[in-house]
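Results of the structural survey
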Amino acid sequence: FYTDKKDPNNRTSNFIGHASYSTKRTYNIGVSGDLWTKGNEYHFITDIRFKKMPFNFYGIGNNTAEADVDAIVQKQFRILFDAEKAFVKDAYTGISLGFENYVYTDEGNNGIYSTSPQVFNRVGGAVLYVGVSQSYDTRNSNNYPTKGFFGRVTYQALPNIFASSNFTGHQMRLNVRNFWSLNKKVVLGVQGFYHTLQGQNIPFYLYPQLGNDQVMRGYYTGRYRDENLIATQAELRYRFMNRFGVVAFAGTGKVFENNRFSLNNLKPNYGFGARYFFD
């Protein structure tokens, strides 16, 4: 939806809700929103999630083995909120707040989750995020951009105020994208992403994780995790009709320990798909 339908430059806003429950008594409930006010003066992002779901844990590092997979049950409560204001054209400065609480159960008790000395806070814990953000956005659309640049950096401190986690640290995320119109129907998009988490005895559930439905698609979320994550991808979009388009993408990335970055063992990904546009 648009907060100002009369303004053709007003960016699209959205709210998304989902809920699921299984016969194994797992559930996943979430609400997220992305709101642009009139004149694109303010930008608000929110994400609230309640979840109890199993997931596969493979250990810490960029070379974990498939054979070490360990099935864990995760209970999660998360609430994130970002608020930004445009002080100059296309540039937004804001604050970033968040809270997360985790509880874990390992039904096997003999896998890498229980035995690895790299795994801290196995039973879970709570963490608070307090930070700032800065973005610069010249895209002609935040739904389906055909030209322009987007860049956003966030810095968050994680103070030690919960005895259950006993963790103090900080993290930074950098996300940059650029889009070029090669002709009226073909668009090239390129993205770079970097996430670092610093501190002593980092809880395993806070580590940057490689793989999701947006960056490093095709990899199980959390298949690789460590103190740092870097990834890049390119996407070629061909919208051959107003309602239909196809896309091909390729990328690479890895996780790594502090002071141990190299171009060795980069993980590749690639794929293609079809898209249908509706309004």
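You'll find the structure just up there.
Report follows, based on the coordinates. (Residues numbered from 1 in each chain as written. Predicted model: local features only at pLDDT ≥ 70, side-chain atom pairs only at ≥ 80, totals over all residues. Heavy atoms only, no water.)

**With respect to the pairing of strand β8 (residues 169-181)**
- Bridging between strand β7 (residues 148-158) and β8 involves eleven bridges; their strand directions are antiparallel. In the strand pairing of β8, glutamine 156 is matched with glutamine 171.
- Summarising the sheet, β8 and strand β9 (residues 186-199) pair through 13 bridges and their orientation is antiparallel. Residue pairing in the sheet places histidine 170 in a bridge with glutamine 198 of β9.
- Connecting β8 to the antiparallel partner β9 that follows it, the hairpin turn spans four residues. (Pairing = 2+ DSSP bridges. Helix = DSSP H or I, 4+ residues; strand = E, 2+ residues; numbered from the N terminus.)

**A closer look at the environment of alanine 19**
- Considering the arrangement of structural elements, one finds alanine 19 in strand β1 (residues 14-21).
- Alanine 19 gets classed as exposed once you look at its relative accessible area, which sits at 64%.
- Between the C-alpha atoms of alanine 19 and histidine 170, which are 151 residues apart in sequence, the distance is 31 Å.
- In this structure, alanine 19 is in contact with Asn28 and Ile29, ignoring residues within four places of it in sequence. (Buried < 20%, exposed > 50% of the residue type's maximum accessible area, 1.4 Å probe, protein only. Contact = heavy atoms within 4.5 Å.)

**A closer look at the nonpolar core**
- In terms of nonpolar packing, the biggest core is built from 18 residues, with Phe57, Tyr104, Tyr113, Leu158, Phe204 and Leu206 touching the most fellow members.
- Contributions of two or more residues to this core are made by β3 (42-57), β5 (91-105) and β6 (124-137).
- Ranked by size, the runner-up nonpolar core spans eight residues in total, among them Phe193, Leu210, Leu229 and Val255. (Core = buried A, V, L, I, M, F, W, Y, C linked by side-chain atoms within 4.5 Å.)

**A short note on the pattern of salt bridges**
- Counted by the stated rule, this structure contains twelve salt bridges.
- A salt bridge links aspartate 47 to arginine 78, with the nearest nitrogen and oxygen atoms 2.6 Å apart. With aspartate 47 in strand β3 and arginine 78 in strand β4 (residues 70-88), the pair connects residues that are 31 residues apart, well separated along the chain.
- For aspartate 47, a relative accessible area of 15% gives the class buried.
- Overall, arginine 78 belongs to the buried group, its relative accessible area being 18%. (Salt bridge = Lys/Arg side-chain N within 4 Å of Asp/Glu carboxyl O.)

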